[in-house]
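# Chains, contacts and geometry: an overview
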Amino acid sequence: MATVTTTKVRVPEAGAHLRRKKRLFWPFAAPALVLYLAFLVLPTIATVVLSFTSWAGAGDTPEPNGVTNYTQMWSSDSFQYAFRNTLVYVFLGGIGTFALAFLFTMVLRDMKGGKTVRAILFFPNIVAPVALGMFLGFVFKYQPGKQGLANYVMESLGADAAKFLAPSNVTGVVTASLIWASSGFYITILMAAVDRIPPYLYEDAELGGASPWQKFRNITLPMTWDVVGVAGVLWTINALKIFELVFVLAGPGTYAPPNEAWTLGIYVFDRTFGSNGTPDFGAACACAVAMIALVSVLVVLLRRLMRRDAIQF
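Note that this is a predicted model, so its numbers are computed, not measured. Residue positions are counted from 1 within each chain, in the order its sequence is given. Owing to the predicted nature of the model, reporting of local features is limited to residues with pLDDT of at least 70; listing and counting of side-chain atom pairs is limited to 80 or more, with chain, interface and lining totals taken over all residues. Side-chain calculation: all heavy atoms of the structure are included, whereas hydrogens and water are not.

Strands are runs of DSSP state E lasting at least 2 residues, helices are runs of H or I lasting at least 4, and numbering of each runs from the N terminus. Counting its regular elements, the protein chain contains 13 helices and two strands. Long-range pairs, those at least 24 residues apart, make up 65% of the contacts in the protein chain between residues at least 6 apart in sequence. Accessible surface, the protein chain as shown: approximately 19,300 Å² in total, 67% of it carbon and sulfur. Contact definition: two residues touch when any of their heavy atoms are within 4.5 Å. Per-residue and other accessible areas follow the Shrake-Rupley method at a 1.4 Å probe size, with only the shown protein chains counted as cover for residues.

Patch criteria: residues need more than 30% relative accessible area and no salt bridge. Like-charged residues are merged within 9 Å; nonpolar side chains of Val, Leu, Ile, Met, Phe, Trp and Tyr are merged within 5 Å. A pair is scored as a salt bridge if a Lys or Arg side-chain nitrogen falls within 4 Å of a carboxyl oxygen belonging to Asp or Glu. Two residue types count as positive, namely Lys and Arg, and two as negative, namely Asp and Glu; His and chain ends fall outside the count. Taken as the charge location is NZ of Lys, CZ of Arg, CG of Asp or CD of Glu. A contiguous patch of positive charge on the surface is contributed by Arg19, Arg20, Lys22 and Arg23. Take Arg23: it is sitting in helix α1 (residues 14–50).

Turning our attention to the side chain of Asn69. Following the sequence through the fold, Asn69 ends up in helix α2 (residues 68–74). Within 3.5 Å is the distance limit for a polar contact, defined as a pair of N or O atoms, with the added protein rule that one can donate a hydrogen and the other accept it, and that residues adjacent in sequence qualify only through two side-chain atoms. Of note is the side chain of Asn69, whose polar atom sits 2.7 Å from the backbone oxygen of Thr53. Ignoring any residue separated from it by four or fewer positions in sequence, one finds Asn69 in contact with Leu50, Ser51, Phe52, Thr53, Gly282, Ala283 and Ala286.

We now examine the packing of aromatic side chains. Pairing of aromatic rings covers Phe, Tyr and Trp, the last through its six-membered ring, and needs centres within 6.5 Å; plane angles under 30 degrees mean stacked, over 60 mean edge-to-face, and all others mean tilted. Applying the stated criterion across every chain, the model contains 19 aromatic pairs. Aromatic side chains Phe269 and Phe273 sit 5.0 Å apart centroid to centroid with 50 degrees between the ring planes, which places their arrangement in the tilted category. With Phe269 and Phe273 both in helix α12 (residues 264–273) and four residues apart, the pair spans about one turn of that helix. Throughout, exposure labels follow a simple rule: accessible area from a 1.4 Å probe, protein chains only, divided by the maximum for the residue type, with under 20% read as buried, over 50% as exposed, and the rest as partly exposed. Judged by its relative accessible area of 54%, Phe273 is exposed. Of the aromatic side chains, those joined through ring pairs into one cluster are Phe98, Phe102, Phe122, Phe185, Tyr186, Trp213, Phe216 and Trp235.

Moving on to the side chain of Ser183. Mapped onto the elements of the fold, Ser183 is located in helix α7 (residues 170–194). A polar contact of 2.4 Å, which involves the side chain of Ser183, links it to the backbone oxygen of Ile179.

A cluster of nonpolar side chains, namely Phe135, Phe138, Leu149, Tyr152, Val153, Leu157 and Trp180, defines an oily patch on the protein surface of about 800 Å² accessible area. Listing elements by their share of the nonpolar patch, those giving two or more residues are α5 (129–140) and α6 (149–156). A per-element tally of the nonpolar patch places α6 first, with three residues. Tracing the backbone shows Leu157 in the loop between α6 and α7.

So, about the packing of helix α4 (residues 114–122) against α7. The angle between the axes and the distance between the axes are what describe a pair of packed helices. To get an axis, fit a line to the C-alpha atoms, keeping to the stretch in contact for a helix; angles then go from 0 to 180 degrees between the N-to-C directions. Running from amino to carboxyl end, α4 crosses α7 at an angle of 145 degrees, the nearest separation of the two axes being 7 Å. α4 and α7 meet at a crossing whose hand is left-handed. Touching Arg118, Leu121 and Phe122 of α4 are Gly184, Phe185, Ile187, Thr188, Met191 and Ala192, all from α7. Crossing handedness is defined as follows: a turn of the near helix away from the far one that is anticlockwise and smaller than a right angle gives a left-handed crossing, while the clockwise case is right-handed.

One finds Met73 and Val174 to be the most contacted residues of the largest nonpolar core, which totals 57 residues. Sort the elements by how many residues they give to this core and helix α13 (residues 281–305) lands first, with ten residues. When neighbours within four sequence positions are excluded, Val174 is seen to be in contact with Tyr89, Ile242, Leu245, Val246 and Leu249. Here, the term nonpolar core denotes a set of buried Ala, Val, Leu, Ile, Met, Phe, Trp, Tyr and Cys residues that are joined through side-chain atoms within 4.5 Å.

Moving on: the UniProt feature "transmembrane region" (unreviewed entry) in the protein chain. UniProt positions are given in the numbering used here, feature names are shortened, and annotations may be inferred rather than shown by experiment. Residues annotated in UniProt with the feature "transmembrane region" (unreviewed entry) correspond here to residues 28–52, 87–108, 120–140, 173–194, 227–250 and 281–302. Secondary structure within residues 120–140 divides into 71% helix and 0% strand; the distance between the first and last C-alpha atoms comes to 23 Å. Along residues 281–302 one finds 100% helix and 0% strand; the C-alpha atoms at either end are 31 Å apart.

What follows concerns the packing of helix α10 (residues 225–240) against α13. The N-to-C vectors of α10 and α13 enclose an angle of 165 degrees; their axes lie 10 Å apart at closest approach. Judged by the inter-axis angle, α10 sits roughly antiparallel to α13. In the packing of α10 onto α13, the handedness of the crossing is right-handed. Of the residues in α13, those touching α10 at Gly229, Val230, Gly232, Val233, Thr236, Ile237 and Leu240 are Met291, Leu294, Val295, Leu298, Val299, Leu302 and Arg303. The classification used treats Ala, Val, Leu, Ile, Met, Phe, Trp, Tyr, Cys and Pro as nonpolar, Asp, Glu, Lys and Arg as charged, and all other residues, Gly among them, as polar. Looking at the contact of α10 with α13 residue by residue, the classes come out as ten nonpolar, three polar and one charged. Geometric relationships in this document are graded by angle, where less than 35 degrees denotes roughly parallel, more than 145 denotes roughly antiparallel, 65 to 115 denotes roughly perpendicular, and other angles denote oblique.

Turning to the environment of Glu244, a few remarks are in order. On the secondary structure map, Glu244 appears in helix α11 (residues 244–250). Take Glu244: its relative accessible area is 33%, and that puts it in the partly exposed class. As for Glu244 and Leu132, which are separated by 112 residues in sequence, their C-alpha atoms are 9.3 Å apart. With near-sequence residues (within four places) excluded, Glu244 lies in contact with Pro129 and Val130.

Below, the structure written as structure tokens:
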């Protein structure tokens with residue numbers, strides 16, 4: 001009688017595989033965690049601690065002063081201007097930017113050469129904010145005998161020249177400039193999301209007689225909602241940090257702009273380098289903490305408002 005021999009195949013245990021993966025985790029994750037701790041967590045903690053002190057910088061020892069920096073900051077006219085202007089850039093600038101981005105998204109989807117137009121619209125984001133501010137300063141300059149391009153066009157049409165860069169007007173000019181310069185970036189993001197949508201959905205809507213607005217409301221927006229939420233977070237963070245464009249447009253060329261044109265970033269800059277002689281790092285850190293708290297609150301609220309179940313297609 002023939003005998004049948006069997007061989008046992010040893011299958012590695014799932015637990016051993018997981019243990020090997022866990023051993024590899026820390027060697028790969030540790031460098032990133034060290035950099036994150038050294039360049040983000042520790043400086044943030046130091047900023048919070050210094051916000052409760054009075055410190056003029058190198059050579060002195062920080063002296064605790066409680067919440068004095070915060071109370072003085074909230075009662076300061078310059079901080080109130082900075083806080084108000086920053087919120088204007090976040091909300092009004094965001095509404096204008098996304099309205100323009102959605103409009104171009106509706107147009108470019110069916111437009112021949114849409115990718116070329118998209119690249120052209122993205123161009124202002126390549127330019128450094130300082131260079132962009134210098135260009136816009138040339139456009140909106142108001143000087144007798146040396147008018148900027150905008151006033152030259154207005155006077156050619158019979159209108160009076162306007163002081164676009166006056167302290168009371170510069171916030172509106174910067175908001176419009178932000179919308180113009182930033183829209184291309186968000187158009188690119190939204191169009192990348194639109195490119196993922198199956199074409200047959202638009203074809204079915206077209207056969208059903210849907211208008212462009214109905215296709216946008218019922219197809220484009222629901223299908224790109226998660227991307228819109230991410231773009232909104234990016235805009236909020238970037239708008240809260242605006243500094244160079246305002247500094248170049250509204251500044252006299254030697255130091256900070258007038259208080260009416262300040263943003264929170266300019267407030268931190270002013271307190272750090274001391275426009276009145278002695279720097280005040282404690283006050284600068286207090287404003288930086290306020291910026292961290294503001295961006296945290298706005299991002300959390302935005303994520304909650306934009307929360308929606310993902311649509312599978």
